[in-house]
Amino acid sequence: MLEVEGLSVQFGQVQVLDDLSFAVAKGSSLAVIGPNGAGKTVLFQALIGSLPYRGTIRWAPQTGIGYVPQKLDLERDIPITAMDFLRARLKLTSGKATDITRILELTGITKEIGESTIGTLSGGQFQRLLVAFSLLGNPTVLLLDEPTAGIDEPGQKQMNELIHRLQEERSLTVLFISHELSVVYQYATNVLCLGRKRSTCFG
């Protein structure tokens, strides 16, 4: 599904990623781990093409990517509902209204949540909304940057189970960043560990 060769990302004089190479098989789960500042989020941003890099990133033909950021720079007090948020995404994907209904069922977003303004949603509900947002357009790959950040422990368990179920039901390839090694152990097929001193491990 993905081949990365000699990937390097530099900001000014700071080398964040240096000559990174790895591959991700179709239908597998890659966990990206490492300390803060090791370049995990930068890696995802390079993979989706949102920042410049050197090296090679090869996605399989007709790959569709759904991306769930760790933080969304969105004013939570703007007066739009969860459904408004999803409809805006739907217009970009040229999808049908029935796509939203199906995604809401998959992610467990109720009608009540859908009609709520995004600023009133709990952390767990908002993360489910971001997952639903990323699924519109029928992606073949999901990139999840700490999808359970800011969610309480029961909510984290539900979110991890939801993502795993979606992966199985939709034959998705999943790349996720996590600090929870128990989650990595349970759900990852392979692990990429990034270190601050450019040392990496993959396997």
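Structure shown above.
What counts, and where the lines are drawn
- Residues numbered from 1 in each chain as written.
- Predicted model: local features only at pLDDT ≥ 70, side-chain atom pairs only at ≥ 80, totals over all residues.
- Heavy atoms only, no water.
- 1 Å grid on protein atoms, 1.4 Å probe; cavity = no way out; pocket = protein on both sides within 12 Å on 5 of 7 lines; lining within 4 Å.
- Points joined across faces, edges and corners; volume = space filled by probe spheres on them.
- Helix = DSSP H or I, 4+ residues; strand = E, 2+ residues; numbered from the N terminus.
- Nonpolar A, V, L, I, M, F, W, Y, C, P; charged D, E, K, R; others polar.
- Pairing = 2+ DSSP bridges.
- Phe/Tyr/Trp six-rings, centres within 6.5 Å; stacked < 30°, edge-to-face > 60°.
- Disulfide = S-S within 2.5 Å.
- Buried < 20%, exposed > 50% of the residue type's maximum accessible area, 1.4 Å probe, protein only.

Draft legend 1. Main features of the layout of surface pockets. Approximately 240 Å³ is the volume found for the largest pocket. Of all the secondary structure elements, the ones that give two or more residues to the lining of the largest pocket are α6 (153-170), β7 (173-177) and α7 (181-187). Here the element with the most residues in the lining of the largest pocket is α6; it accounts for five residues. Among the residues making up the lining of the largest pocket, the classes are represented as nine nonpolar, nine polar and two charged.

Draft legend 2. Local environment of the pairing of strand β2 (residues 14-24). Pairing analysis gives seven bridges linking strand β1 (residues 2-11) to β2, with the strands arranged antiparallel. Bridge assignment links V4 to a residue of β2, and that residue is F22.

Draft legend 3. Broad picture of the packing of aromatic side chains. Considering all chains together, one arrives at two aromatic pairs under this definition. Both rings, one in F22 and one in F202, keep their centres 6.0 Å apart while their planes meet at 45°; by these two values the pair is tilted. Residue F22 is found in strand β2, and its partner F202 is found in strand β9 (residues 200-202); the two are separated by 180 residues along the sequence. Look at F85 and F133: their rings are 4.7 Å apart centre to centre, the planes differ by 25°, and that puts the pair in the stacked class.

Draft legend 4. Region of the structure containing the state of the cysteines. Under the definition given, this model contains zero disulfides. C193 takes part in no disulfide bond, and the closest cysteine sulfur, belonging to C201, lies 5.5 Å away. C193 sits in the partly exposed class, given a relative accessible area of 28%.

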